[in-house]
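# Topology and contacts: notes
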Amino acid sequence: MRFLKIFAIASVISIAGFAQTTTPGPATLRRNYARDIGHPLDGRMRNEGHGLRAAYLSPIFESSHAANLLSLQNGDLLCFWFSGHWEGESGTAIVMSRLAAGSPRWSTPVVVDRHEGESYQNPVGFQSPDGTIWLLHTTQPAGKGESQSRVLVLQSKDNGKTWSSPAVLFDTPGSYVRNPVLISPGGNWMLPMYFTSEGSAGVAKIDRPIVAISSDQGKNWKICDIPDAIARVQPSIFLSSGKGYVALLRSRRADFIYRSTSQDGCHWSAPVATSLPNNNASIQTLRLPDGKILLAFNNTSAQMVDGKRRTGPRKPLSLALSSDDGETWHSIRDLETGRPGVTDISKLPGREEYSYPALALGHDGRIYAAYTFRRETIKVVSFPEKWLTSGTAAFKR
């Protein structure tokens with residue numbers, strides 16, 4: 001097994017010092033996107049009926065994608081995502097908004113990390129037992145593709161008010177993160193990851209999932225492969241009721257969500273298809289206080305057209321519950337069904353996309369979900385668990 005060692009963490013910097021300029025400016029974006037979406041983009045959690053609350057976060061750059069949530073020990077909730085002109089382009093930044101404990105409104109987003117010539121993506125937040133926040137995200141040279149990506153890390157010791165300078169955590173080319181760290185009962189940190197490499201002439205792109213494990217609070221990491229899992233990426237892992245581990249994975253082939261198991265977190269079974277579809281988009285799981293597993297996913301897969309799989313818009317975005325560690329699913333309910341008849345998947349903000357969901361438990365006892373809303377903003381909703389088992393079920397596929 002290979003071990004990867006973290007680089008030294010540099011000096012502390014304030015998030016307030018970053019430039020936040022773009023064309024059009026944040027105020028124009030809010031006006032234009034609010035007109036398009038039909039809701040104010042001011043971060044305020046508003047009642048939408050039947051126990052559901054929703055907020056549209058304020059955009060500061062043209063495009064927003066790939067949110068992750070972090071429930072802090074002090075009761076605050078943080079939302080991280082990447083934002084810029086478009087993913088993969090120069091200056092794409094990691095930004096953050098905060099829902100302070102007891103507040104009805106998310107804060108105006110701020111830039112946490114940004115660098116011209118680099119594209120930052122897929123932020124993942126994690127608070128260690130000593131209260132330090134670790135923020136991991138990918139970086140790749142602008143316009144050069146994911147195969148050159150590395151993973152950076154920043155730290156905050158004041159609940160996200162200030163951050164260390166970024167340092168390299170994983171320098172293997174093609175290193176990628178998406179889903180949160182899991183702390184094992186023995187105290188190990190388990191980080192789901194994947195490696196990606198660009199295909200050459202006549203050779204398909206290769207992706208393979210791994211779980212990186214640290215037994216010394218992030219100083220060193222052991223790489224554990226998930227076998228026979230080419231084209232399965234972005235594992236979301238949770239502790240099973242049988243004291244082992246389960247990983248659910250996205251499929252690059254846009255067919256199904258896949259499931260793998262492990263007794264020790266390092267030796268994994270070959271993934272097998274579940275009954276749930278996947279459209280080559282991110283998924284995320286969350287264990288609820290009553291022991292059920294909550295899954296957020298796009299409830300659709302690619303359609304066969306002329307003998308080839310063709311993926312459409314990323315919708316609907318749905319939730320499902322499992323009482324047997326992800327072997328079977330029930331109580332499927334939509335979060336977003338999208339605009340009827342709209343099939344735009346162009347690489348522009350405003351396209352028909354509701355994707356990359358993130359899940360967290362708030363200190364108020366509610367479940368929170370954040371997700372990409374048409375690449376224009378991040379939408380955050382909250383609801384009690386009983387909301388999942390009432391109302392309209394998702395489309396049957």
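To be clear, the structure that these remarks concern was listed above.
Basis of the calculations
- Residues numbered from 1 in each chain as written.
- Predicted model: local features only at pLDDT ≥ 70, side-chain atom pairs only at ≥ 80, totals over all residues.
- Heavy atoms only, no water.
- Disulfide = S-S within 2.5 Å.
- Helix = DSSP H or I, 4+ residues; strand = E, 2+ residues; numbered from the N terminus.
- Pairing = 2+ DSSP bridges.
- Axes fitted to C-alpha atoms, helices over the stretch in contact; angles between N-to-C directions.
- Salt bridge = Lys/Arg side-chain N within 4 Å of Asp/Glu carboxyl O.
- Buried < 20%, exposed > 50% of the residue type's maximum accessible area, 1.4 Å probe, protein only.
- Polar contact = N/O pair within 3.5 Å; in protein donor to acceptor, adjacent residues only side chain to side chain.
- Contact = heavy atoms within 4.5 Å.
- Expected span 1.5 Å × (residues − 1).
- Arc of directions from axis to C-beta.
- Phe/Tyr/Trp six-rings, centres within 6.5 Å; stacked < 30°, edge-to-face > 60°.
- Lys NZ or Arg CZ within 6 Å of the ring centre and 35° of its normal.
- Core = buried A, V, L, I, M, F, W, Y, C linked by side-chain atoms within 4.5 Å.

A complete count under the given rule lists 1 disulfide for this structure. Here Cys-224 engages in a disulfide with Cys-266; their sulfurs sit 2.0 Å apart. Between Cys-224 and Cys-266 the sulfur-sulfur dihedral comes to about -90°; the bridge is accordingly left-handed. Here Cys-224, found in strand E18 (residues 220-225), pairs with Cys-266, found in the loop between strand E21 (256-262) and strand E22 (272-277); they are 42 residues apart in sequence, far enough to count as distant.

With respect to topology, 4 strands assemble into an open sheet ordered E19-E20-E21-E22, the strand pairing being antiparallel. The open sheet has two edge strands with one neighbour each: strand E19 (232-239) and E22. For this sheet the average axis-to-axis angle between neighbouring strands, irrespective of direction, equals 30°. Two elements, E19 and strand E20 (residues 245-251), share 6 bridges in a ladder whose sense is antiparallel. By the bridge assignment for E20, Ile-237 is matched with Ala-247.

Tallied over the full model, the rule gives 17 salt bridges. One salt bridge connects Asp-76 with Arg-98, and the closest N-O pair in it is separated by 3.2 Å. Of the two residues, Asp-76 is situated in the loop between strand E5 (63-71) and strand E6 (77-84) and Arg-98 in strand E7 (residues 93-99); the sequence distance between them amounts to 22 residues. The same class applies to Asp-76 and to Arg-98, which are both buried. Glu-353 is paired through a salt bridge with Arg-375; the nearest N and O atoms lie 2.9 Å apart. One end of the pair, Glu-353, is in the loop between strand E28 (330-336) and strand E29 (354-361); the other, Arg-375, is in the loop between strand E30 (367-373) and strand E31 (377-383), with 22 residues separating them in the sequence. On the accessibility criterion, Glu-353 (1% relative accessible area) is buried. Because the salt bridges share partners, they merge into one network encompassing Glu-87, Arg-314, Arg-351, Glu-353 and Arg-375.

On to the side chain of Gln-127, then. Here Gln-127 shows up in strand E9 (residues 118-127). By relative accessible area, which is 11% here, Gln-127 ends up buried. Polar side-chain contacts of Gln-127 include one of 2.9 Å to the backbone nitrogen of Gln-73. The contacts of Gln-127, once residues within four sequence positions are left out, are Leu-70, Ser-71, Leu-72, Gln-73, Thr-132, Ile-133 and Asn-159.

The next point concerns the sheet that holds E30. Note on sheets: strands pair through backbone hydrogen bonds, and any given pair is parallel or antiparallel. In spatial order, the strands read E3-E4-E31-E30-E29; together these 5 strands make up an open sheet with antiparallel pairing. In this open sheet, the two strands that pair with only one neighbour each are strand E3 (46-49) and E29. Along the sheet, successive strands turn relative to each other by an average axial angle of 25°, direction set aside. Relative to strand E4 (residues 52-56), E3 is paired through 3 bridges, and the arrangement is antiparallel. Note on E4: the bridge partner recorded for Gly-49 is Leu-52.

Bringing helix H1 (residues 26-37) into the picture now. For the α-helix, the turn length of 3.6 residues means that residues three or four positions removed from each other point alike. Spanning 12 residues, H1 covers 16 Å between terminal C-alpha atoms, matching the ideal 16 Å at 1.5 Å per step. For H1, the full list of buried residues reads Leu-29, Tyr-33 and Ile-37. What you see down the axis of H1 is that its buried residues fit within an arc of 50°, all on one side. Of the surrounding secondary structure, the elements contacted by the buried residues of H1 are E4, E30 and E31. Just beyond H1, the residue with positive phi is Gly-38, at close to 90°.

Attention now goes to the packing of aromatic side chains. According to the stated counting rule, one finds 8 aromatic pairs in the structure shown. A centroid spacing of 5.2 Å and a plane angle of 90° characterise the contact between Trp-134 and Trp-189, whose relative ring orientation is edge-to-face. In this pair, Trp-134 is assigned in strand E10 (residues 133-141) and Trp-189 in strand E16 (residues 189-197), connecting sequence segments 55 residues apart. Residue class for Trp-134 comes out buried when judged on its relative accessible area of 7%. Pairwise contacts between aromatic rings join Tyr-56, Tyr-354 and Phe-373 into one cluster. Positioned over the ring face of Tyr-258 is Arg-232, at 3.6 Å from the centre of the ring.

Of all hydrophobic cores here, the largest spans 25 residues; its most connected members are Leu-294, Leu-319, Leu-335, Val-381, Phe-383 and Leu-388. If you list the elements that add at least two residues to this core, you get H1, E4, strand E24 (293-298), strand E27 (317-322), E29, E30 and E31. With 4 residues, E30 is the single largest residue contributor to this core. The next biggest cluster of nonpolar side chains, apart from the first, holds 21 residues, and it includes Leu-57, Trp-81, Ala-93 and Ala-360.

In short, the description is geometric, and any link to function would need to be established separately.
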